[in-house]
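Spelled out from the first residue to the last, the chains are:
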Amino acid sequence: MHDDDIASIMRALGHPVRLEILRILATQQQGQCCCADVTDSLTLAQSTVSQHIKVLHDAGLIERKPHGTRNRYCIRHDRLAELNSAFGGLLKGLAPVAANKETETA
C-alpha cells in the first residue's frame, strides 16, 4: 500500500461518525446494509450520513452493491487487512534507532 493510500484512508477514518458507520456495517448480520439502515442507527440527517458513506467509499473502505433501487454497503475487509499490514511497516519504520538495535540483539 502506498503512502497516498494510507493518508487517504487515515483522513476517512479521522471522523468519529465514519468510525461509527464502519461499526454499524460490521454488526450487520448479512454484512451489508443501505444508507437508511445506517441513518436509523445514528442521530444525523440522511444527507449527512450519505456524505460520510461517500468519503468511506472513495477511500476504498466500503463497497457499494446495487440492490433494486437502493445501494447496499459492506466493509472491504481486504482493504482493512492491507491497512493493518501497512501500519505494521509504517510504525516499525518510525521506531527510534536505539530501540531497533535493542530488538535486534534480544
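In this text, all values refer to a predicted model and were calculated from it rather than measured experimentally.

## Quick look at the pattern of salt bridges
- A full pass over the atoms with the stated rule returns four salt bridges.
- Across the pair E20 and R23 runs a salt bridge whose closest N-O atoms are separated by 3.5 Å. Linking E20 with R23, this pair stays in helix α2 (residues 16–27), spanning three residues, or about one helical turn.
- Where D78 meets R76, a salt bridge forms, and the shortest distance between an N and an O atom there is 3.0 Å.
- Classification of D78 by relative accessible area gives partly exposed; the value is 41%.

## Observations regarding the nonpolar core
- Residues I21, L25, V38 and I53 are the most contacted members of the largest nonpolar core, which totals 22 residues.
- With five residues, α2 is the single largest residue contributor to this core.
- Residues contacting I21, with those up to four places away along its chain left out, are V38, L42, V49, H52, I53 and L56.

Parameters and conventions
- Residues numbered from 1 in each chain as written.
- Predicted model: local features only at pLDDT ≥ 70, side-chain atom pairs only at ≥ 80, totals over all residues.
- Heavy atoms only, no water.
- Salt bridge = Lys/Arg side-chain N within 4 Å of Asp/Glu carboxyl O.
- Helix = DSSP H or I, 4+ residues; strand = E, 2+ residues; numbered from the N terminus.
- Buried < 20%, exposed > 50% of the residue type's maximum accessible area, 1.4 Å probe, protein only.
- Core = buried A, V, L, I, M, F, W, Y, C linked by side-chain atoms within 4.5 Å.
- Contact = heavy atoms within 4.5 Å.

These results come straight from atomic positions and should not be treated as a statement about function.
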